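Commentary on secondary and tertiary structure
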Amino acid sequence: MCKIEIGTLQEVFILGQEQFMRNLIIETPSMPGNFAKVAAAIGQLEGDIGDIQTIKVGTLSTIRDISIQCSNEEHLQDIVNAVNAIGEGISVHAVTDDVLQAHEGGKIHMKGRFEIRSLGDLRRVYTPGVANVCEVIKNDPEQAKYFTGISNTVAIVTDGTAILGLGNIGPVAGMPVMEGKAVLFDQFAGISGIPILLDTSDPDQVVETVKHISKSFGGILLEDIGSPHCFEIEERLKAELSIPVMHDDQHGTAVVTLASVLSACKQSGVALADAVVGQIGLGAAGLAISRMLMAYGVKEMRGIDRNEEACERLVQHGGVIMDSLEELMATCDIVVATTGVAGLIKPEMVRKGQIILALSNPNAEIAPEEALKAGAAFAADGRLVNNILGFPGIFRGALNAYAKEITYPMLIAAALAIVDSTKPGDLVPHPLDPNVHHNVAAAVERVANGGQ
């Protein structure tokens, strides 16, 4: 009867990005307009201001703690120099790394749900009372769903081969991301997420290891496992286990992307089922997005990738491969890009009236403003398309229904719930909105139980 004790959500918005983040402690004279000068200096150097906390308000000066997102150490130093160069009593007192501090000691902790304050508590929670519960489960293993935390616990499994935008940095270096997933599971869905770090990428060994530990969990979330071995691992685990298994980099991304495409179509007056859709980049996310769109009802799904095996996988699932990027851009009504190549789509390639979702972080294949200027009807980048909107609610719904698998109807229901939770004018809901996670869970549970 334990739960994961979580840290703060301070780093939620950097989990999907590889940019550099620091906090500046800045003093300004206590007169209107001085902070605007600071913001302008940071903005002119393309620094991204995040949270702002006022530390001290004095008669003569004000001190603020300002979160800054930038490209690297050199970029940060340029920003610091620019702020100091303003003069007029404005200065940077210190540069701190609040993100690193937030991770000290880890972000999760196993904690019992009951305090043991008496001998009676001990007897109920442990011996001798626990023996009766063990006998109940021995006689009817299904009772473990009710008398243990198994049905509310998900393994977060990684081999460390595709950590965010950092690549193959190993499972231990990827642990902060796995802990972050556990935080999100707890915060948004009340699920205990347990990181599992594997020192092998061999599909046979991964599958056998997960199978051997699967009795401890109600579901398996595969996380940051690279392509192409991620496809085999997921397919085999789904076939060989009777609990929900999902690779978040594939299907979590695909769910939120489908929701984004549907919102963009609604705002642009485009019928998705009648549109020709192009997917640029057919790795784990790109292929899953293509499959999700086809499962939803897209009749013409076109794609392109430099990797021939990736192209073959799309063809196997019913898609069509284009000969060139230019051909895809010229023939598709909706374009989704997940290549990681900044500036890949040139403004002259944009077709008037297209919907373009360039999802690579931190730098998109084409900036939304460039795409719109070139004639796109709608354009967005990956800053809004966040997996946080999908996976907590998907697993909450699946666990509530005691589902044995996560199916495409369940995933499509999740995407539609995200769309229904989106405010007019927005692409998707704010990821910290608790309603969206509740709505996704309810939709997934309903479909898993045979509803519509």
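Reading guide: rules and limits
- Positions within a chain are numbered from 1, following the residues in the order the chain's sequence is written.
- Reporting in this predicted model follows two pLDDT cut-offs: at least 70 for local features of residues, and 80 or more for side-chain atom pairs to be given and counted; totals over whole chains, interfaces and linings ignore these cut-offs and use all residues.
- In computing side-chain properties, one takes all heavy atoms of the structure into account and sets aside hydrogens as well as water.
- Numbering of helices and strands starts at the N terminus; helices are DSSP runs of H or I of at least 4 residues and strands are runs of E of at least 2.
- Each residue's exposure class comes from its accessible area (1.4 Å probe, protein chains only) as a fraction of the maximum for that residue type: buried when under 20%, exposed when over 50%, partly exposed otherwise.
- Relevant arc is that of directions from the helix axis to the C-beta atoms, nothing else.
- By definition in these notes, contact holds between two residues if any of their heavy atoms fall within 4.5 Å.
- Two strands are said to pair when DSSP picks up at least two bridges between them.
- With axes taken as lines fitted to C-alpha atoms, and helix axes fitted only over the stretch in contact, angles between N-to-C directions fall between 0 and 180 degrees.
- To pair, rings of Phe, Tyr and Trp, with the six-membered ring standing in for Trp, must have centres within 6.5 Å; the planes then decide the type, stacked if under 30 degrees apart, edge-to-face if over 60, and tilted in the middle.
- In protein, a polar contact requires one atom able to donate a hydrogen and another able to accept it; more generally it is a pair of N or O atoms within 3.5 Å, and residues adjacent in sequence count only if both atoms are side-chain atoms.
- Patch definition: residues above 30% relative accessible area lacking any salt bridge, with like charges linked at up to 9 Å and the nonpolar side chains Val, Leu, Ile, Met, Phe, Trp and Tyr linked at up to 5 Å.
- In short, Shrake-Rupley with a 1.4 Å probe defines the accessible areas, and a residue's cover is counted only from the protein chains shown.
- Any carboxyl oxygen of Asp or Glu that lies within 4 Å of a side-chain nitrogen of Lys or Arg is treated as forming a salt bridge with it.
- pLDDT expresses how confident the predictor is about each individual residue, on a scale running from 0 to 100.
- Any two cysteine sulfur atoms lying within 2.5 Å of each other are counted as a disulfide.

Now for unusual backbone geometry. A cis amide bond, omega 5°, links Thr 127 with the succeeding residue Pro 128. With respect to the helices and strands, Pro 128 occurs in the loop between α4 (119-125) and α5 (129-139). With an omega dihedral of 10°, the bond running from Ser 227 to Pro 228 counts as a cis peptide bond. With respect to the secondary-structure elements, Pro 228 resides in the loop between β9 (219-222) and α9 (229-240). The backbone of Asp 224 sits at a positive phi, close to 55°, despite the residue not being glycine. With respect to the helices and strands, Asp 224 occurs in the loop between β9 and α9.

Our focus in this paragraph is helix α12 (residues 308-316). Since one α-helical turn is 3.6 residues long, residues separated by three or four positions face the same way. For α12, every residue scored as buried is listed here: Ala 310, Cys 311, Arg 313 and Leu 314. Along the axis of α12, the buried residues cluster in a sector spanning 155°; they form a single face. Opposite the packed face of α12, turned more than 90 degrees from it, sit the exposed residues Glu 308 and Gln 316. Taken together, the buried residues of α12 touch α9, α11 (284-296), β12 (300-304) and β13 (320-321).

Below, the discussion takes up the sheet that holds strand β4 (residues 61-70). Either a parallel or an antiparallel arrangement is found when strands of a sheet pair, and the pairing is made through backbone hydrogen bonds. Taken together, the 4 strands give an open sheet; going across it, the order is β3-β4-β2-β5, and neighbouring strands pair in antiparallel fashion. Sheet topology places β3 (48-57) and β5 (91-96) at the edges, where each strand pairs with a single neighbour. Within this sheet the neighbouring strands show an average axis-to-axis angle of 25°, counted without direction. The pairing of strand β2 (residues 20-29) with β4 spans 10 bridges and is antiparallel.

What follows deals with the packing of aromatic side chains. In total, this model carries 3 aromatic pairs according to the counting rule given. Both rings, one in Tyr 146 and one in Tyr 402, keep their centres 6.0 Å apart while their planes meet at 70°; by these two values the pair is edge-to-face. Placement of the pair is Tyr 146 in helix α6 (residues 144-147) and Tyr 402 in the loop between α15 (391-400) and α16 (408-420), with a sequence separation of 256 residues. Among the residues examined, Tyr 402 registers a relative accessible area of 35% and is labelled partly exposed. Geometrically, the ring pair formed by Phe 185 and Phe 395 is edge-to-face, given 5.7 Å between the ring centres and 90° between the ring planes.

Here we take up the side chain of Glu 27. By the secondary structure assignment, Glu 27 is in strand β2. In this structure the side chain of Glu 27 is engaged in a polar contact, spanning 2.5 Å, whose partner is the side chain of Ser 61. Beyond its immediate sequence surroundings of up to four residues, Glu 27 is in contact with Ser 61, Thr 62, Ile 63, Gly 89, Ile 90, Ser 91 and His 93.

It is worth spelling out the environment of Gly 174 at this point. Mapped onto the secondary structure, Gly 174 falls in the loop between β7 (153-158) and α7 (175-189). What makes Gly 174 buried here is its relative accessible area of 0%. Each C-alpha atom of the pair Gly 174 and Val 277 lies 34 Å from the other, and the pair is 103 residues apart in sequence. Look past the residues within four positions of Gly 174 in its chain and what remains in contact with it is Ile 163 and Ile 169.

Moving on: a nonpolar patch on the surface. Side chains of Phe 114, Ile 116, Leu 119, Leu 122, Val 125 and Tyr 126 sit close together on the surface and give an oily, nonpolar patch of about 590 Å² of accessible area. Following the sequence through the fold, Phe 114 ends up in the loop between β6 (108-112) and α4. On the accessibility criterion, Phe 114 (47% relative accessible area) is partly exposed.

Averaged over every residue, the pLDDT of the protein chain is 92; the share at 70 or more is 96%. Confidence over residues 8-18 falls short of pLDDT 50; this stretch has 32 contacts with residues more than four positions distant or in other chains.

All chains considered together, the criterion is met by 0 disulfides. For the unlinked cysteine Cys 230, the closest cysteine sulfur is that of Cys 311, found at 16 Å. Between Cys 332, a free cysteine, and Cys 265, which holds the nearest cysteine sulfur, the sulfur-to-sulfur gap is 13 Å. Overall, the relative accessible area of 0% leaves Cys 332 in the buried class.

Examined against the element boundaries, Ile 233 turns out to sit in helix α9. Taking the relative accessible area as the measure of exposure, Ile 233 reaches 0% and is therefore buried. Ile 233 sits 28 residues away from Gln 205 along the chain, and the two C-alpha atoms are 9.6 Å apart. Every residue in contact with Ile 233, bar those within four places of it in the chain, is listed here: Pro 203, Val 206, Val 207, Leu 222 and Ile 225.

Turning next to the environment of Ile 116. Structurally, Ile 116 is set in the loop between β6 and α4. The spacing of Ile 116 and Tyr 126 is 10 residues in sequence and 9.9 Å in space, taken between C-alpha atoms.

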